[in-house]
Amino acid sequence: RLMALAGNMGVAHVRYPTAGTPADSEAQPFYVNSPYGIVMAHNGNLTNDSELRHFLDYDAHRHINTDSDSELLLNIFANNLQKTGKFRINEQDIFSAAAGLYGECRGAYAVAAMLAGFGIIGFRDPHGIRPLVFGRRKSSTGPGYDYMFASESVVLDALDFTDIEDVQPGEVVIVSKTAVTRRRLVVEERITPCIFEYVYFARPDSTIDGIPVYNARLDMGVKLAGKVRQALGDSMDIDVVIPVPDTSRAAALQLSHELGLPYREGFNKNRYVGRTFIMPGQEMRRKNVRRKLNAMPTEFKGLNVLLVDDSIVRGTTSQEIIQMARDVGARKVYFASAAPAIRFPNVYGIDMPSIEELVASGRSDDDVAGAIGADMVFFQDLDDLIASCRAFNPRIAAFDTSVFDGKYVTGDVTAEYLHKLEMRRSDAAKQKKPGDGEVIGLHNYK
């Protein structure tokens, strides 16, 4: 279908809303025809969206049609470009518009945009919270190169792109018809990539900010094995290590090797069910765990099993998986998480907004074990998780670890903001939204 489209530039987006609603009217990319015809796709989440919405309405007089912060980001950029008053713009105008955006927009954003007839643009927030890579390949349709931006290097690898590198935090890369121009407009004292990319989101064959995801996950398994050994000591009675597919496989494999225990694939995964973590509503997530995974009795019956997963978020998935293991005859079920306990909401583009929905919030490790039905739970230490990632790129001194320690790197996240976010984005709030939002609402905000 892509080959049938006319033109030589494009912007696409994989739908996963963390702000606004899941309605089709908020599917990206967003488009404004004034000025110059701009298309934009955004990964992340803005933390000052209320302030931006007010500015666009009362000062810039730009009408916003949806609840999506991505539309706000697009209109801030468009408003800055419009200030040039030019019939045709150049790279310097785009850099100036982006510099203004950096001063106005707070939060996490990795952006791919297109200006009609001019070129494509990629830029990343000053903290580098969300990933963005850039590469090129020899063109098959003429002289020169094709260029591409993506969240993960694996996308470019699969399409034979080379010279792949990260767009730096605070950097803008412009690919026009005649040249590639790049400039780092904001340089923070330290960059802080989201550490959850390495734990869960990224594919294992990706490299993000110089850190190979698979290798980082192997090291997480080494560190987690030490935690299990320390907790059980002489009472170690685990018979087998079983991963919860897919993201925990690397950690589970290395953990089993470190502990000298057999590694087995005890769950068969249905490839036609998506990631339950991002599904809206607890009941939907619960039902789809059973549709997604099937436990094989021969790997569980009469055994003490250690299940390894990348993390424990709401506990819905973990609880169902543990019960599945017991249903097919497991004698004991231990549960190990390659990530520390998640006790705080994420505000930078991951759908874990409500503190009330996090199973580890306000609970001890023993309480979490009881809540999900495990005999014992083992969580990775935060320092060990950071060390597993930094081992492959020591130049990154820190990461965004806010879901584990409640420290938000942008410095603007208050208790009031978190409360408003929870009211907007909890499962209960989402279920109250009327209609399916298929039609863009042409309305005035009060």
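Remember, it's a predicted structure, so these values are computed and weren't measured experimentally.

**Regarding the overall build of the chain**
- For the chain, the helix and strand inventory stands at 14 helices and 17 strands.
- Considering the chain as a whole, with its 446 residues, one finds that 52% of them fall into the buried category.
- Here the chain displays about 20,300 Å² of accessible surface, and carbon together with sulfur accounts for 51% of that area.

**Regarding the sheet that holds strand 4 (residues 119–124)**
- Read across the open sheet, the six strands follow the order 1-2-3-4-8-9; overall the sheet is antiparallel. Each end of this open sheet is capped by a strand with a single partner; those strands are strand 1 (30–32) and strand 9 (180–184). Sheet twist, expressed as the average angle between the axes of neighbouring strands with direction ignored, equals 15°.
- Packing against the sheet, helix 2 (residues 69–82) makes contact with strand 1, strand 2 (38–46), strand 3 (107–115) and strand 4, and its axis sits at approximately 125° to strand 2.
- On the sheet, helix 3 (residues 91–104) packs against strand 3, strand 4, strand 8 (171–176) and strand 9 and is oriented at approximately 150° with respect to strand 8.

**Quick word on the environment of D205**
- Positionally, D205 belongs in the loop between helix 5 (196–201) and strand 10 (207–208).
- On the accessibility criterion, D205 (41% relative accessible area) is partly exposed.

**Topic: the sheet that holds strand 15 (residues 304–309)**
- Taken in spatial order, the four strands of this open sheet run 12-15-16-17, and their pairing is parallel. Of all the strands in the sheet, the pair left with one neighbour each is strand 12 (240–243) and strand 17 (376–379). Across the sheet, the mean angle separating the axes of adjacent strands is 25° when strand polarity is ignored.
- Packing of helix 9 (residues 316–327) onto the sheet brings it into contact with strand 15 and strand 16 (332–337), and relative to strand 16 it is tilted by some 150°.
- Against the sheet, helix 10 (residues 365–372) makes contact with strand 16 and strand 17, and its axis sits at roughly 125° relative to strand 17, the strand it touches most.

**What about the confidence of the model for the chain?**
- Looking at the chain as a whole, the pLDDT averages 90, with 89% of positions reaching at least 70.
- Note on residues 434–446: pLDDT is under 50 here. Beyond four places in sequence and across chains, it has 21 contacts.

**Some words on the packing of aromatic side chains**
- Going through the model one piece at a time under the given rule, you end up with 14 aromatic pairs.
- Considering the side-chain rings of F77 and F123, the 6.1 Å spacing of their centres and the 35° angle between planes classify their relative orientation as tilted. One end of the pair, F77, is in helix 2; the other, F123, is in strand 4, with 46 residues separating them in the sequence.
- Assessed through its relative accessible area of 1%, F123 is described here as buried.
- Residues Y200 and F201 carry aromatic rings whose centres are separated by 5.1 Å and whose planes lie at 75° to one another, so their mutual orientation is edge-to-face. Both residues of the pair, Y200 and F201, belong to the buried class.
- Put simply, the rings of F77, Y102, Y109 and F123 touch in pairs and so form one group of aromatic residues.
- Its end group placed over the ring of Y145, R136 keeps NZ or CZ at 3.9 Å from the ring centre.

**Considering the packing of helix 6 (residues 213–232) against helix 11 (residues 382–390)**
- With their axes 8 Å apart at the nearest point, helix 6 and helix 11 run at an angle of 145° to one another. Handedness of the helix 6/helix 11 crossing: right-handed. Here A216, D219, M220 and K223 of helix 6 lie close against helix 11, whose contacting residues are D384, L385, A387, S388 and C389.
- In the contact of helix 6 with helix 11, the residues fall into five nonpolar, one polar and three charged.

Parameters at a glance
- Residues numbered from 1 in each chain as written.
- Predicted model: local features only at pLDDT ≥ 70, side-chain atom pairs only at ≥ 80, totals over all residues.
- Heavy atoms only, no water.
- Helix = DSSP H or I, 4+ residues; strand = E, 2+ residues; numbered from the N terminus.
- Buried < 20%, exposed > 50% of the residue type's maximum accessible area, 1.4 Å probe, protein only.
- Areas by Shrake-Rupley, 256 points an atom, 1.4 Å probe, with all protein chains shown as cover.
- Pairing = 2+ DSSP bridges.
- Axes fitted to C-alpha atoms, helices over the stretch in contact; angles between N-to-C directions.
- Contact = heavy atoms within 4.5 Å.
- pLDDT = per-residue confidence, 0-100.
- Phe/Tyr/Trp six-rings, centres within 6.5 Å; stacked < 30°, edge-to-face > 60°.
- Lys NZ or Arg CZ within 6 Å of the ring centre and 35° of its normal.
- Left-handed = near helix turned anticlockwise from the far one by under 90°.
- Nonpolar A, V, L, I, M, F, W, Y, C, P; charged D, E, K, R; others polar.

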